Each structure stands twice: as structure tokens, then as C-alpha cells.
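Coordinates in review
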Amino acid sequence: MSDDAAPATHFDVIVIGGGPAGYGAALYGSAAGLNIAVVEKDKVGGTCLHRGCIPAKELLETAHVYRTVSEASKFGIESSAPTIEFGTTMERKNTVVDTLFKGLSGLLKNRKVTVFAGTGTLRADRGVHVVGNDGETADITADAVILAAGSVPRSIPGFDVDGKVVLTSDEVFELTELPKKVAVIGGGAIGCEFASMLSDLGSEVTILEALPQILPGVDKDVVNTVLRSFKGRKLDVKTGVKVAGHSAGSSGTTVHVEGGDDLEVDAVVVSVGRRPLSDSLGLDGTGVTVTDRGFVEVDELCRTSVDGVWAVGDLIATPGLAHVGYAEAILVIKQLLGEEAIPVDYGKVAWCIYSKPEVAFVGLSEQAARDAGHDVVVAKHRWGGNSRALIVGDTEGVVKIIAEKREDGTGGQVLGVHMSGPWVTEQLGQAYLGVNWEATVDDIAHFIQPHPSLSETFGEAVLSLTGRSLNG
Ligand code: NAI
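Residues numbered from 1 in each chain as written. Predicted model: local features only at pLDDT ≥ 70, side-chain atom pairs only at ≥ 80, totals over all residues. Heavy atoms only, no water.

So, on to helix 6 (residues 189-201). Taking 1.5 Å per residue, 13 residues should reach 18 Å; helix 6 reaches 18 Å between its end C-alpha atoms and fits that length. Counting buried residues in helix 6 gives 11 out of 13 residues, a clear majority hidden from the surface. Taken together, the buried positions of helix 6 are occupied by G191, C192, E193, F194, A195, S196, M197, L198, S199, D200 and L201. (Helix = DSSP H or I, 4+ residues; strand = E, 2+ residues; numbered from the N terminus. Expected span 1.5 Å × (residues − 1). Buried < 20%, exposed > 50% of the residue type's maximum accessible area, 1.4 Å probe, protein only.)

Printed below as a string of C-alpha cells:
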């Protein structure tokens, strides 16, 4: 069950779940000298590595390469129209995932983390019962237990996931051919990434979103740039719609839209959020409180209702992001080490969506800032004036800074930065630091941006809020 011939039965920490939050705790804790066991029923790396962030971004990169080759003649590079060998596409995705999986497994081994291959449940006495994938069982104990069992895709009534016609993100990564027509239900981060990727690879895609706006939480001006881009690429977005089920035909299916036209498609991708996997942890009778929606209840320090039991990652009601899971893991380990631990500021985490155009944001949108009672001033800068954006040939999107308004009308503290466009996911770093350090417009404008670079648009937008600018 474990890699070790005769594994120990008592550890400093047992982590149930080997995704980013779980392996994050194991790596950070073992680096500090703690003896750690991880119980994982599948492969270490979790959803992020095997069925989430990594394969999704790899396929989005394939879409990027396809676009680049398609548009190469603009640079005077002539080639025949590109075609997609979908088998090779998926093979490359698998190679990237496998390489990272081997790296992570090696890292855990080098750090002497004991990995139990099986399902762990919490016992009432705070020990952990493990049923190994090989059928063997073990009972292990620790000074602290960290629950990190993650989440799975939610479904909706009328759309039973069959892996053929009705898919979630899990099944999209296993496709053997590209569906010709696809309905994506839910226009959140997953919906927009998959819709963008499938559309760029050649599928005809329609997003069906229940709310009036796709990409919840993202500033409206940024969302509008995404909608404009999608429309230009014939990717249809229907908002404020209710889906009422589907009727499967001999090939594909018909999605019924309440008060709208039926949609005949080859595949439906359901991306309406994720559900925490608390029911697999045997928490009944342990004293650990679980909310109505299945999240393990924790305080701001990730402590559950049972002393010595902690919960992190998608299992708790915090943003479902791998990097938030890492931060929560570090927060818990620091407390176990008796060090100062600062709670995660969930309102100021980095959000990155890797669609075309990319979207990245931190802090409040203009509307959220106004709703929270701030008097705000905003700057919106487009990419058309950015030399590097023109050079790379990608000027879609906007950089928007939302700042507290000073009496003289200039910007004070930066409350939010929401952007779309070329490589904004890689550019968010300085906005993240600015918002989290509660920097003012003047603080940030003092620093210089390299020229020519995409980040000049952020610098220019901030500078314009001081009341003066170079180009804006
Ligand atoms: P989400 O909560 O971000 O978006 C789900 C969308 O589905 C919402 O817009 C919602 O209004 C809509 N919806 C719900 N029920 C619906 C219905 N019956 N019909 C039509 N629309 C409906 O969830 P998503 O996109 O599935 O992502 C799940 C989690 O994974 C999120 O926590 C997200 O943060 C995380 N994630 C983040 C990524 C990133 O940051 N790049 C990428 C992928 C996932």
C-alpha cells in the first residue's frame, strides 16, 4: 500500500488527499523537518495536475499554436493551412502531465513523505483508517490531520454525465476526437476556457449561461472584450438562459433551452461549478462540521471544529484555485510549527483565466467597489498603443485599474486591477503585489516598466490616474 517496506504508523502530520493543497502541505511541512504521510486513492497531483489546470492550459496552448500558424502569413511566412492531428495533441498533453507527475512523485520521495495508495477516512479518535487500493488496511495516527480531499464537477438535473455526449471537464481530457458542435453549459472559468479552446481547434461552440453575464466576478469592461473576441470567432454566447434537459438522438443530442431554440450538438460540456468531496472522508460522528453544501467548515486559520484537524483546498468554501490551496497548506503548517501565520486574504487572490483573450484580475471590479461604498476613479487602457502588443500581433483586451478617488479626482489606493489581453495571466504579478500591499497609484507609478513590454500598459494606466500620463 505504501512505497516503504514497513511504513511507520505514527506521523507528525497525516494529509488526506494528494492534490495541490495536500501535496503542498506535505512538501512545505517536510521541508521544515516534519514527518508526513499522504493518503491518496488516485495519483498525487490531484485534479489540478491530472484533470484540471495543467491539461487545460496545455490544450489551450495547442489552440494558441494553431492560431499562430493560421495567421503566420501576416508575418510573411507562408505555409499550407494547418490541420490538427488530435491524437498527437492529446499525447503531448499526456506527456506534460506525466512529466510533472513523475517530478512530483520524486520530490515527495526525496523529502521522505510516506504516500499511502488508498482511501483515508477520519476516525472518531482522530486517527486515520486507510483502505489500500490493493485491499489491505492500515490504521495510522498523527499529531495533526489535514483534510484535503478536493472536489469533483457538479452536474445539473437532466444532464447525466455519460462520458460520450454529456461531459464534464474530466471527460473532455479523454476525448479521442474533436466534437463538431458543442454546447457548454456554464460560462465561468472552466466554461470559457473550454469554449475558447474547442472553438479555436475547430468546433462550433455555444455557451449557455444562466446569469446575465459570463465570468462571474470579472469587471464588466473586461467581460465585454471577451464577448467581442468570442463573437468575432463565431463562438456564440447566450446569457440568462435556462436549460431544461436534452434528448439524445442516434448521434449527438438536442439541448432544450427554456424559452429559446433547441440546440443540436455532438457533445455537451457541463461546467457549472465543483462540489467538495467531504462525503468520502467518513466525517459523521467525528465532530467535524460540514455545511449544507458539503464544505468542511473552518475558521480563518483553516481549523475545523475538532482540535488538531484542519481542512484546506477545494474541500472548504474558499476560492477553488490551486494556488489558494497552496497558501492554505502553508498557513496550516506554519501553525503546526508554532510560527506566526497570517490568514489568506480571499478578496485579494490572483484569478487567471487562460481563454483567448486571457483574463486576469485581483481585487474589486468597478461595480463591486461601488457596491462596497467606495468613491472610485478608473483608468481603462487598450493594447492598440502598446508597441509589444502590436509586434506580437495581439491587441485584443483592456487593462482597467480601479482606485479610491481622492478629493482632487486623482487615484489613491488601488482597489482592483482587471485585465484581458496578451499574456495578462503572466502580467498579473505586479498588480497582485500592489493590491495586496495596499499601494496607492503614486506608489506604483514611481516604478518603471521595461520598454518595449506588454507591462507598459499597466504602468501607463496607473500613471494616468496620477493626473498625468505619457501616452494615455
Ligand atoms: P464557476 O462557478 O466559475 O462558474 C459556473 C458558471 O455556471 C457560473 O457562471 C454559473 O452562473 C453557471 N451556471 C450554474 N448553473 C447553471 C445552469 N444550470 N445553466 C447555465 N449556467 C449555469 O465554475 P466552473 O467554471 O465550473 O469552475 C469551477 C471551479 O474551478 C471554480 O472554483 C473555479 O475558480 C475553478 N477554476 C479556475 C480556473 C482558473 O482560474 N483559470 C480554471 C478552471 C477552474
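Around the ligand lies a shell of 24 residues, among which I190, E193, E209, G273 and C352 are the nearest. Contact with the protein chains hides 77% of the accessible area of the ligand, taken as 840 Å² for the molecule alone. Of all the elements in the fold, those that place two or more residues in the shell around the ligand are helix 6, strand 9 (204-209) and strand 17 (351-353). Class assignment for the residues of the shell around the ligand results in 14 nonpolar, six polar and four charged. (Near = heavy atom within 4 Å. Areas by Shrake-Rupley, 256 points an atom, 1.4 Å probe, with all protein chains shown as cover. Nonpolar A, V, L, I, M, F, W, Y, C, P; charged D, E, K, R; others polar.)

When cut into domains, the chain gives domain 1 (10-53 + 88-153 + 275-347), domain 2 (166-272) and domain 3 (357-464). Measuring from the centre of the C-alpha atoms in domain 1 to the corresponding centre in domain 2 gives 32 Å. Of the residues lining the interface, five residues belong to domain 1; the matching set on domain 2 comes to seven residues. Roughly 550 Å² of surface becomes buried between domain 1 and domain 2 when both sides are summed, with 60% attributable to carbon and sulfur atoms. Taken as a group, R51, M90 and P153 account for 72% of the area that domain 1 buries against domain 2, more than any other trio of residues on that side. For the pair domain 1 and domain 2, the interface holds zero salt bridges. Counting the contacts that link domain 1 with domain 2 gives one residue pair in polar contact (both at pLDDT 80 or more). For the side of domain 1 that touches domain 2, the class distribution of residues is two nonpolar, one polar and two charged. (Domains from an automatic or database assignment. Contact = heavy atoms within 4.5 Å. Buried area = accessible area lost by both parts, 1.4 Å probe. Salt bridge = Lys/Arg side-chain N within 4 Å of Asp/Glu carboxyl O. Polar contact = N/O pair within 3.5 Å; in protein donor to acceptor, adjacent residues only side chain to side chain.)

Moving on, we get to the sheet that holds strand 11 (residues 243-248). Taken in spatial order, the three strands line up as 11-12-13 in an open sheet, and their pairing is antiparallel. Every interior strand has two partners, whereas the edge strands, strand 11 and strand 13 (263-265), have only one. Averaged over neighbouring strand pairs, the angle between their axes works out to 25° when direction is ignored. Bridge count for strand 11 against strand 12 (residues 253-257) is four bridges, and the pairing is antiparallel. Note that in strand 12 the partner of V243 across the bridge is V257. (Pairing = 2+ DSSP bridges. Axes fitted to C-alpha atoms, helices over the stretch in contact; angles between N-to-C directions.)

Time to look at the nonpolar core. One finds I14, V128, I146 and L147 to be the most contacted residues of the largest nonpolar core, which totals 53 residues. Beyond its immediate chain neighbours, meaning those up to four positions away, V128 contacts I14, I16, V39, G120, T121, L122, R123, A138, D139, I140 and V145. Residues F86, V184, F194 and V398 belong to the second largest nonpolar core, which totals 34 residues. (Core = buried A, V, L, I, M, F, W, Y, C linked by side-chain atoms within 4.5 Å.)

Below, the discussion takes up unusual backbone geometry. In the segment running from K356 into P357, the intervening peptide bond is cis, with an omega of -5°. With respect to the helices and strands, the residue P357 is situated in the loop between strand 17 and strand 18 (358-363). H451 connects to P452 through a cis peptide bond whose omega is -5°. Within the element layout of this structure, P452 appears in the loop between helix 12 (441-445) and helix 13 (456-464). Phi at K112 takes a positive value of approximately 60°, unusual for a residue other than glycine. Along the polypeptide, K112 turns up in the loop between helix 4 (86-110) and strand 3 (114-122). Given the relative accessible area of 66%, K112 is considered exposed. Phi angles above zero are rare outside glycine, and K234 is one such case at about 65°. Turning to its location among the elements, K234 is positioned in the loop between helix 7 (220-232) and strand 10 (236-239). Classification of K234 by relative accessible area gives exposed; the value is 71%.

Tallied over the entire structure, the rule returns four aromatic pairs. For the pair F11 and F116, a centre-to-centre distance of 6.0 Å together with 85° between the ring planes defines the contact as edge-to-face. Of the two residues, F11 is situated in strand 1 (residues 10-16) and F116 in strand 3; the sequence distance between them amounts to 105 residues. For F116, a relative accessible area of 2% corresponds to the buried category. (Phe/Tyr/Trp six-rings, centres within 6.5 Å; stacked < 30°, edge-to-face > 60°.)

Residues Y432, L433 and W437 make up a contiguous nonpolar surface patch of roughly 350 Å² in combined accessible area. In this structure W437 comes out as exposed when scored by relative accessible area, which is 67%. (Patch = residues over 30% accessible without salt bridge, like charges linked within 9 Å, V, L, I, M, F, W, Y side chains within 5 Å.)

Turning to the sheet that holds strand 19 (residues 376-382), a few remarks are in order. Within the open sheet, the five strands sit side by side as 17-18-21-20-19. Their pairing is antiparallel. At either margin of the open sheet sits one strand with a lone partner, and together these are strand 17 and strand 19. Within the sheet, the average angular offset between the axes of one strand and its neighbour, ignoring direction, is 15°. Sheet strands in contact with helix 11 (residues 424-436) are strand 17, strand 18 and strand 21 (411-421), and its direction is about 5° off that of strand 18.

So, about the pairing of strand 5 (residues 137-147). The side chains of a regular strand alternate between the sheet's two faces. As judged from the six bridges shared by strand 1 and strand 5, these two strands associate in the parallel manner. Bridging across to strand 5, F11 finds its partner in A142. By the bridge criterion, four bridges tie strand 4 (residues 128-132) to strand 5 in an arrangement that is antiparallel. Note that in strand 5 the partner of V130 across the bridge is A138.

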